[in-house]
Amino acid sequence: MPSTPTLALIVVALIVLVIAAIRVIRSLRRLARTRTLVRDKVGDRVGLLKARSAALKVALAERRTTEQARTRANPAYDRRGGADRRITNG
C-alpha cells in the first residue's frame, strides 16, 4: 500500500487548488465590479467636462464684439457680400 500516501497527497493538493481557484474567481468578480463603477464615474465626469467646455465656448463667443465676429475665422461671416449671415433677435 505505498500508493495510499501519494493518493492522499494528490487529493489534498486538489482541494487546495479548488479553494485557491474559488478565491481568485471571487477577487476577479470584485475587480470587474469595481472597474465598471470607476468607468461609469469617469464617463459621467468626462461628459460633464465636455458640457462645461461647450458652455464656456458659447459664453466666450457671445462676449466677442461685432468687429471680432466679422472676421474670416467666423463661418457665419459672408465673405462675398461682406454681411453677417447670422440670425439675430433684433
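Below is a summary of the structure that appears in this document. Just so we're clear, the structure is a prediction, and the values are computed from it rather than from any experiment. (Residues numbered from 1 in each chain as written. Predicted model: local features only at pLDDT ≥ 70, side-chain atom pairs only at ≥ 80, totals over all residues. Heavy atoms only, no water.)

Topic: the overall build of the protein
Each helix and strand in the protein was counted, giving two helices and zero strands. Going through the 90 residues of the protein one by one, you find that 6% of them count as buried. Carbon and sulfur atoms form 64% of the exposed surface of the protein, whose accessible area is close to 8,600 Å². (Helix = DSSP H or I, 4+ residues; strand = E, 2+ residues; numbered from the N terminus. Buried < 20%, exposed > 50% of the residue type's maximum accessible area, 1.4 Å probe, protein only. Areas by Shrake-Rupley, 256 points an atom, 1.4 Å probe, with all protein chains shown as cover.)

A few points about a positive patch on the surface
A grouping of Arg-23, Arg-26, Arg-29, Arg-30 and Arg-33 is seen on the molecular surface, where their side chains present a positively charged patch. Following the sequence through the fold, Arg-33 ends up in helix H1 (residues 3–63). Overall, the relative accessible area of 56% leaves Arg-33 in the exposed class. (Patch = residues over 30% accessible without salt bridge, like charges linked within 9 Å, V, L, I, M, F, W, Y side chains within 5 Å. Salt bridge = Lys/Arg side-chain N within 4 Å of Asp/Glu carboxyl O. Lys, Arg positive; Asp, Glu negative; His and termini not counted. Charge placed at Lys NZ, Arg CZ, Asp CG, Glu CD.)

Describing a nonpolar patch on the surface
Together, Leu-7, Ile-10, Leu-14 and Leu-17 line one region of the surface with nonpolar side chains, adding up to about 400 Å² of accessible area. Secondary-structure assignment places Leu-17 in helix H1. You can call Leu-17 exposed: its relative accessible area is 54%.

Read these as spatial facts, not as claims about activity.
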